[in-house]
Amino acid sequence: MSNSFENTSAHRRRPALALLLALVAMLALAACGDDDTVGGGGGGGEAEVAKAGPVRGELTISNWPAYMDTGKENTVAEFEDATGVKVDYVEDVNDNAEFFGKLRPQLERGQSGGRSIFVVTDWMAKQMYDLGYLQELDHADLTTVFDNILPSLESPSFDPERKFSVPWQSGMTGIMVNEKLAPDIRSVNDLFDPKYKGKVTMLSEMRDTVPLVMKADGVDPAEADKQDWLDAIDKLREAAESGQIRRFTGNDYNQDMTNENVVAAIGWSGDTSIIENPDVKWRMPAEGCILWSDNMVIPKGAPNTAAALAWMNFVYRPRVQADIAEYVQYVTPVAGVDEVLRQRDPELADNQLIFPDEQFTADCSTQPDPPGSEEDQQEVTEAFQDMITGQG
Amino acid sequence: MSGAWRWLRRNALLLYAALAVLYMLAPIIVIGLFSFDQTSTGKLDYRWSGLTLDYWREAFADESVNEAMITSIQLAGLSMLVSTAIGTLMALALVRHEFRGRKASNLLIVLPMATPEIVIGAALLSMFLIYGLELGFQTLFLAHVMFSISFVVVVVRSRLIGFDRSLEEAAADLGARPLTTFRTITLPLLAPGIVAAALLAFALSIDDFVISNFNSGTTETFPLYIFGVSLRGIPVQVNVLATLLFMVTVVAIALVLWQQRRAEKMAASAG
Amino acid sequence: MTALRRRLVPYGLLGPGAIWLILFFVVPMYFMGEMALRSGSLDTGGFALTWEWANFADALSGSDEQIVRSFVYAGLATVIALAIAYPLAYAIALRAGRWKLLLLFAVVAPFFTTYLIRTIAWKTILADASPAVDVLQLLQLVPQDGRVLATGGAVVAGLTYNFLPFMILPIYASLERMDVRLIEAAKDLYASSAKAFLKVTLPISAPGIVAGILLTFIPAVGDYVNALLLGGTGQSMVGNVIQSLYLQQRDYPEAAALSFVMMLAILAVVVVYLRVAGSGAFIGDEEERA
């Protein structure tokens, strides 16, 4: 293996390296220039209200997968027919944190990546608003929404006046159980039963898993302090290290449940509709569930806010919402949908997972943020994430 | 002992290779099998619920699957062509020539492979925004070529090292121009390395999720689409299309080879 | 061709690729490097450049276990992949005749389906109650009450499978140029086919093996998907930590710092490996000849 070009000048490489570095530095300087602080401060602190106006043009909506009825005459197509707006409906939200991670650099520059609406969970919506990334909503432009929204959703603690968010769908976090293999699991504490070692998963979503563990131990998440959160995380850490908890998952626990790799899991109420295993049922934990909503928000820099507002009003028509509810089977935020569905399928109208009554959710808590200052919250988040990745 | 044992010894390699092929094809066999499975909702798992041909009959019925698949094939094809061309040239420079900055170039080629995808994805995103590029197919293309180049260089280079140059020298002695020598001698000899590199570049691109996720804007590639739906149940059409893609690739290559063989035979009989 | 033109040729060949990599890799990574030296948080006014070298120490503390695990998993996956890939590449390149290209495509084509579909398929094949696991238990490869999924073994198996083409293709490319008559001649010369293999075939395929090992090992160390989908609670790799730092904790500086630590560690391993392997096939061929 000889190479005919023998190296006679090894000492000459250094200048070339220096040249390369100089070029890089030059490019870098040319590219960045001004600011010396990255992140934060967002699209400017000033409040901006989404403008109403004539409804036409194009509208891009980002939503979670399988969060919309399907087919040629689905809600999106119906909206297009009714308004003449061309909708680009993108299912690119798989996870709040990941979606925020990829959009943040754009939001920071006051851009929305062409999107006019995206759907994110309560806490994420609040963080985006606090960072100055979202537009505010004028209720006068959203009459259908506020005529029909369920009273219980009108004034959530993260956005008491519904200034920047409109619920898309709500849901409950509780336990998903294989009733044949683990009939006796009724409380989140039963998931820690050594009998089910390695056959249990929990959610990697901190705001679902930790409050449920606290509730099972008699701590009210609304009243919990930092130490309560950290104690619950310690309990999880112990169970993770002993192999009691098999995995921390996102939506993929559905697969483990279907295949019976797992007999019980912390899971979301709407998922029973997609698990192809008749023995798997969602159960309300004895100590109650966690309630949350995914919300439509309008980012700063969003094009065509008029069409976005029209869309929000449109999906709050009970008949339209009934189509969505029938397909996604989460908790609908629109009043009057049960009556529409009763005519189509009485069983759905009586389904407590879609139309839970007050008694059913009596012991449930709204999904909380960790308490305290930014630093305290950061500390809790870090403890939870370190627990998931198994760091010391 | 004797006969069977000897047969086994003689064919050990082929048996082992057959097992390896089976292993590599195992998932595609499962996927193919379950493209015939009856199911009401999307597939989350691979439990058998009954035989049906419906999904094959309606292979292209799900438009979002089709669009994502077409986007991905275009992207992977384009990125494969460009990265293979650029990477092959780089490999030639690095193996055949002595020049300043060679070590820096080598480092430049290893580093992208050693960088976690999420870091590349996030860093590129900030960069594209600074460059003022609109996110979409074009940014995906720039990114995919970028992360494919290194892999192409390494594969082509492994073919180039220890390359017999006597044929090229002979051609040059006979007065062939450098470009002619390159086209008629070097390229054909390099071909297996280039094909291997191109295959790798295609697979890398059509499989990429993390980097694409950051830089796709609202363009949806196949992995991005799959990642989304896999959480809530994959449409069975996806199994059908995956099986189809596999079969089309294999059949197309078989046809090309068969054609070549015929051409060779005709040439032989004519000569 | 003048001497000047001749000297410019390599730069011309290198140019397009180098520019591409500088614009879309080096420059973005330069900003990442800068990020690794910043401090602050997103909620409190952003990250200021404070030359926070402590980020590197912070990144290392607590994740040493994950770093070691990443190298062990990636190393195991590389060795197993080599054991599977070499005989396969050999058979395809030297025994498949004119159909070798077809076989090569058939072997690589499954990798044109998204890893997620492949992985879900594997999860089905290896589900706790599946026949495949029963067989493994029978062979005592898995304990009687054991499982495959959500274990370290599953992560290594996933890495091995998903990176196999990276091993097969370069080995194929280097073996393919071998003349079968050469092996015959070597067999005559060295009497035993094992010796013939060691003296002739192996050296010829060495550049392919080196390339394959590096193409498998390097990306496998930084991988996080296999640990995420196939691993359990005790199988996190560095990639998972970086992912969590970046997306969940939004500690961009620490995420960037940990990435650079990881890249450095990989480079160190690669350089040592190349010294030991005595091959300059990958970086700095100069050393070999110097």
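Predicted model only: the values in this text are computed from it and were never measured.

> Account for the overall build of chain A, with residues named and values stated.
Broken down by element type, chain A carries 13 helices and eleven strands. Scored against the burial criterion, the 392 residues of chain A give a buried share of 51%. Considering only residue pairs separated by 6 or more positions, chain A has 79% of its internal contacts joining residues 24 or more positions apart.

> Explain the packing of helix α13 (residues 374-389) of chain A against helix α11 (residues 238-248) of chain C to me, using residue names and the numbers behind them.
Where α13 of chain A meets α11 of chain C, the closest approach of the two axes is 10 Å, and the angle between their N-to-C directions is 155 degrees. Of the possible angle classes, the one that applies to α13 of chain A and α11 of chain C is roughly antiparallel. Taken as a pair, α13 of chain A and α11 of chain C cross one another with a handedness that is right-handed. For the pair α13 of chain A and α11 of chain C, contact is made by Thr381, Gln385, Ile388 and Thr389 of chain A and by Asn240, Val241, Ser244 and Gln248 of chain C, respectively. Split by residue class, the contact of α13 of chain A with α11 of chain C holds two nonpolar, six polar and no charged.

> Tell me about the pairing of strand β8 (residues 264-268) of chain A, and please be specific about residues and values.
Residue and element names in this part refer to chain A. Along β8, five of the five residues are buried, which leaves the element largely enclosed by surrounding structure. The two faces of β8 match: Ala264, Ile266 and Trp268 on one face and Ala265 and Gly267 on the other face are all buried. Strand direction decides the pairing type here: strand β5 (residues 166-178) and β8, joined by five bridges, are antiparallel. The partner of valine 177 across the bridge, within β8, is alanine 264. Examined bridge by bridge, strand β6 (residues 200-203) and β8 share two bridges and lie parallel to one another. Note that in β8 the partner of valine 200 across the bridge is alanine 264.

> Quick rundown of the packing of helix α3 (residues 96-108) of chain A against α11 of chain C? Include the residues and the values.
For the pair α3 of chain A and α11 of chain C, interaxial distance at closest approach is 9 Å and the crossing angle is 75 degrees. Relative to α11 of chain C, α3 of chain A is oriented roughly perpendicular. On the side of α3 of chain A, the interface is formed by Ala97, Glu98 and Gly101 of chain A, while α11 of chain C contributes Tyr246, Leu247 and Gln248 of chain C. Grouping the amino acids of the contact of α3 of chain A with α11 of chain C by side-chain chemistry returns three nonpolar, two polar and one charged.

> Account for the pairing of strand β3 (residues 86-90) of chain A, with residues named and values stated.
All names here are of chain A. One ladder, built from five bridges, connects strand β2 (residues 58-62) with β3; its direction is parallel. From the neighbouring strand, isoleucine 61 faces β3, where its bridge partner is tyrosine 89. Between β2 and its parallel partner β3, the chain crosses via helix α2 (residues 75-83), and the hand of that crossover is right-handed.

> Mind laying out the environment of alanine 48 of chain C, listing which residues take part and the relevant values?
Tracing the backbone through its elements, the reader meets alanine 48 of chain C in strand β2 (residues 46-49). The exposure class of alanine 48 of chain C is partly exposed, given the 14 C-beta atoms found within 10 Å.

> Quick rundown of the interface of chain B and chain C? Include the residues and the values.
In this assembly, 77 residues from chain B lie in contact with 80 residues from chain C. Secondary-structure elements contributing two or more residues to the side of chain B that touches chain C are α1 (2-33), α3 (63-96), α4 (102-114), α5 (117-131), α6 (137-160), α8 (178-207), α10 (222-230) and α11 (236-270) of chain B. A per-element tally of the side of chain B that touches chain C places α1 of chain B first, with 13 residues. Residue classes in the side of chain B that touches chain C are distributed as 61 nonpolar, eleven polar and five charged.

> Describe the confidence of the model for chain A, naming the residues involved and giving the relevant values.
Residue and element names in this part refer to chain A. When pLDDT is averaged across chain A, the result is 87; 89% of the residues are at 70 or more. Across residues 1-15 the pLDDT falls below 50, and counting only partners more than four positions away or on other chains, this stretch makes 17 contacts in the model. Counting interchain partners and residues more than four positions distant, the pLDDT-below-50 stretch residues 30-35 has three contacts.

> Help me get a handle on helix α4 (residues 122-130) of chain A, residues and values and all.
Residues and elements named next belong to chain A. Within α4, seven of the nine residues are buried, which leaves the element mostly enclosed by the surrounding structure. Taken as a whole, α4 has its buried residues at Asp122, Met124, Ala125, Lys126, Gln127, Met128 and Tyr129. On the buried face of α4, the contacting elements are α3, β4 (117-121) and β10 (290-297). Backbone geometry just downstream of α4 places glycine 132 in the positive-phi region, at approximately 80 degrees.

> Mind laying out the nonpolar core, listing which residues take part and the relevant values?
Here is a general trend for soluble globular proteins: nonpolar side chains tend to be buried in one another's company. One finds Ala264 and Trp311 of chain A, Val155 and Leu200 of chain B together with Ala89 and Tyr172 of chain C to be the most contacted residues of the largest nonpolar core, which totals 286 residues. For this core, the leading source of residues is helix α7 (residues 152-175) of chain C, giving 16 residues. Once residues within four sequence positions are removed from consideration, leucine 200 of chain B is found in contact with Phe151 and Val155 of chain B together with Pro165, Phe166 and Leu169 of chain C.

> Any chance you could break down the confidence of the model for chain B for me, citing the residues and the numbers?
Residues and elements named next belong to chain B. Mean pLDDT over chain B stands at 84; residues scoring 70 or higher make up 94%. At the low end of the mean pLDDT range in chain B sits helix α2 (residues 54-57), at 80; at the high end sits α6, at 92. Across the predicted assembly, pTM comes out at 0.87 and ipTM at 0.85.

> Account for the environment of arginine 250 of chain C, naming residues and giving values.
Within the secondary structure layout, arginine 250 of chain C lies in the loop between α11 and α12 (252-277). For the pair formed by arginine 250 of chain C and threonine 216 of chain C, sequence separation is 34 residues and the distance between their alpha carbons is 30 Å.

Thresholds applied
- Residues numbered from 1 in each chain as written.
- Chains lettered and ligands numbered in written order.
- Predicted model: local features only at pLDDT ≥ 70, side-chain atom pairs only at ≥ 80, totals over all residues.
- Helix = DSSP H or I, 4+ residues; strand = E, 2+ residues; numbered from the N terminus.
- Buried ≥ 20, exposed ≤ 12 C-beta atoms within 10 Å, placed from the backbone.
- Contact = placed C-beta atoms within 7 Å.
- Axes fitted to C-alpha atoms, helices over the stretch in contact; angles between N-to-C directions.
- Parallel < 35°, antiparallel > 145°, perpendicular 65-115°, else oblique.
- Left-handed = near helix turned anticlockwise from the far one by under 90°.
- Nonpolar A, V, L, I, M, F, W, Y, C, P; charged D, E, K, R; others polar.
- Pairing = 2+ DSSP bridges.
- Right-handed = clockwise from strand over helix to strand, strands pointing away.
- pLDDT = per-residue confidence, 0-100.
- Core = buried A, V, L, I, M, F, W, Y, C linked by C-beta atoms within 7 Å.

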